[in-house]
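Okay, here's what each chain looks like letter by letter:
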Amino acid sequence: MSSDVIVDVQTVRKSFMGATVLDNVTLQIAEGDRVAMMGPNGAGKTTLVRCMLGFYHVDSGRISVAGFDPSRQRVDVLKEVGFIPQLPPPVKLTVGELLTFVERSTGTAISRIREQASAMDLDLRRHQNKPFFKLSGGMKQKLLIAIALARRSRLLVFDEPTASLDPKAREHFYRLLEEIGHDYAAIYITHRAEELEGLVNRHIYMDLGKVVEDVRI
């Protein structure tokens, strides 16, 4: 495993309306790390990831992603990260327009996205003119996964990535992850650690805003 640190979180605190959500969190994630991030609802998992992506500013401490500060260099951070949220965004573009936007903004070839989608039994050409928000939940998730994998990001972040996928689609998704050919790190926010067996090499468990367990497997 490469020792190149991609995510560096140091003594981070974050509160909302006086309630502590992240309480002195410190961790590092390096190339080669495949992390299952677990914990009950409200443990701070999603908030931590959103701080990594620059959606939230931390109250104290610091975060670095691929050498960039998410608070001040969010655009640079997002160039290095493929993020698949649990709830797909309400994009009003058609599928074709979305693919064109991704190609122009990230340099990711549309053909590569179509190839990844096809591996999950999603034919994007058939849905070229359909608005993204009118796709089924499973189709939205497949498309977002295809975009993230096609971008060859240094850090992949999945928030309950298989929640909208049927069993067959999950199998395809796991196979695609096994076939990724470049160096990267991954974070899977999940309640289904057993489904990620063989794909992850580290378990991070959070509760009450703290990392209470960090185990390599």
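Residues numbered from 1 in each chain as written. Predicted model: local features only at pLDDT ≥ 70, side-chain atom pairs only at ≥ 80, totals over all residues. Heavy atoms only, no water.

Draft legend 1. Broad picture of the pairing of strand 6 (residues 155-159). Burial within strand 6 is extensive, with five of its five residues counted as buried. Side chains Leu 155, Val 157 and Asp 159 of strand 6 all project onto a buried face; the interleaved residues Leu 156 and Phe 158 project onto the opposite face, where all are buried too. Pairing of strand 5 (residues 81-84) with strand 6 involves four bridges; the strand directions are parallel. By the bridge assignment, Phe 83 is partnered in strand 6 with Val 157. Pairing of strand 6 with strand 7 (residues 185-189), which is carried by five bridges, proceeds in the parallel orientation. Looking at the pairing, Phe 158 lines up with Tyr 188 of strand 7. (Buried < 20%, exposed > 50% of the residue type's maximum accessible area, 1.4 Å probe, protein only. Helix = DSSP H or I, 4+ residues; strand = E, 2+ residues; numbered from the N terminus. Pairing = 2+ DSSP bridges.)

Draft legend 2. Structural view of helix 4 (residues 110-118). Buried within helix 4 are the following residues: Ile 110, Ile 113, Gln 116 and Ala 117. The arc that holds every buried residue of helix 4, seen down its axis, measures 125°, which confines them to one face. For helix 4, the exposed residues set more than 90 degrees away from the buried face come down to Ser 111 and Glu 115. On its buried face, helix 4 is in contact with helix 3 (95-106), helix 5 (137-150) and helix 6 (167-178). (Arc of directions from axis to C-beta. Contact = heavy atoms within 4.5 Å.)

Draft legend 3. Fine view of unusual backbone geometry. A positive phi is found at Met 17, a non-glycine position, where the angle reads about 50°. Along the polypeptide, Met 17 turns up in the loop between strand 1 (5-16) and strand 2 (19-30). Assessed through its relative accessible area of 92%, Met 17 is described here as exposed. One non-glycine residue, Ala 66, lies in the positive phi region at around 55°. Within the element layout of this structure, Ala 66 appears in the loop between strand 4 (60-65) and helix 2 (74-80). Here Ala 66 falls in the buried class, since its relative accessible area comes to 16%.

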